[in-house]
Structure formats: C-alpha cells, structure tokens
Amino acid sequence: MRTRVYNNLTAVPEGRPISNGVTTAYIALGSNLGDKRQNIKIAIRFIKQIGGTSVTGVSGFYRTPAEGRIQQPNFINAAIEIKTSLSALTLLRKLLRIEKTLGRVRVSGKLLPRTIDLDILLYGQKTYRLPHLTIPHPRMHRRRFVLEPLCELAPDLMHPVLHCPMKTLLTKI
C-alpha cells in the first residue's frame, strides 16, 4: 500500500538564470536506507547547486514497498522538475556523482537497498538509447511510484514514445 507523506519542501526556482538551450527534465528520487526523507531533501539541495540547472517543481513524498525478490525496507519516492542547459549525458554524470556522494553503492544487475536513487525520467521530448542512458526511462510507465509524483508536477505531459499523457498512464497501472 502506498501512503502519501507530507513534504515541507517548496518549489522555488534557484540557481543561475538560464537562457537559450534550456530543456525541461524530470527526475525520480528514491531512498530506502537511513533517513529516507532527509536523503531525498539533501539530493534535491545538491541538484539545486548544479550549474546551468534550476529546480522548478518538487512533488510530495510517497512511501512505497520495494519491488523485486529481495526483502528490503520500504522506499520514499518523489519527483522533481528541472530546467537545465546541460546535455542529458552531463546531467546523468552529475546525478551519479550526487548518488556516490550520498553513499549509493551500485552492483551491476542487483537491486540492492540504497541511500539514494536518481533517475532521469524525461529530458524534454527527446529519446536516447545509449549503453548507460535510456530516455524516457524504459519502465516509468509501469511504475506507480514514478507516475504518482510525476503526475503531481505534470499530469498532462505527453510520454515521447507512447504518446500518452502521464495521468492516463497512471490509470493503466
């Protein structure tokens, strides 16, 4: 069962003014180790410090059971909207650095508990199929814990491959 958790963060655009070449992107955040809410808040603070990037929306927090066969603690999940002049690959590198800073340990092919998980869900209406980056996120349309917070921010946003609004994708889960 998923439970909405109160979020006292406010979405205030921060960072440097951004001009031409700005893309709106959406990032999923999740944590199931330590102080989960605090881990997400800290990750958002780090994202706000990325040059050429401004956080323009923050969803509420959601408590979600872990997926998969491994017994793990529940997750807290959220989503943010950003405006960025960074390329998708540069943004990914910055997010991976934040994960590492916050103690994320990655083991190939294993879904282990994590202090923080940052996934680029959408990067404008662009699509990418690279070895370490697939946009839109390939499983986002099947994950309530992704779509619920995303729909808080952009319910009418169209999926660039499925050509369906996020709020409709959520009703199909």
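Preceding this paragraph is the structure being described.
Residues numbered from 1 in each chain as written. Predicted model: local features only at pLDDT ≥ 70, side-chain atom pairs only at ≥ 80, totals over all residues. Heavy atoms only, no water.

We now examine helix α1 (residues 36-48). Along its 13 residues, α1 runs 19 Å from first to last C-alpha, staying within 8% of the 18 Å computed at 1.5 Å per residue. Buried residues belonging to α1 abut β2 (23-31), β3 (53-58), β4 (61-64), β5 (75-84), α2 (88-101) and β6 (117-123). (Helix = DSSP H or I, 4+ residues; strand = E, 2+ residues; numbered from the N terminus. Expected span 1.5 Å × (residues − 1). Contact = heavy atoms within 4.5 Å.)

Once that is clear, we can look at the pattern of salt bridges. Any two side chains of opposite charge can pair, on the condition that their charged atoms come close. Here the structure, examined in full by the defined rule, presents five salt bridges. A salt bridge links arginine 104 to glutamate 99; the nearest nitrogen and oxygen atoms lie 3.4 Å apart. Each member of the pair, arginine 104 as well as glutamate 99, is classed as buried. Arginine 114 is the partner of aspartate 117 in a salt bridge, and the nearest nitrogen-oxygen pair spans 3.4 Å. We classify aspartate 117 as buried; its relative accessible area is 14%. Taking relative accessible area as the criterion, arginine 114 reaches 9% and is therefore assigned buried. Members of the salt-bridge network, linked through shared partners, are Glu99, Arg104, Arg114 and Asp117. (Salt bridge = Lys/Arg side-chain N within 4 Å of Asp/Glu carboxyl O. Buried < 20%, exposed > 50% of the residue type's maximum accessible area, 1.4 Å probe, protein only.)

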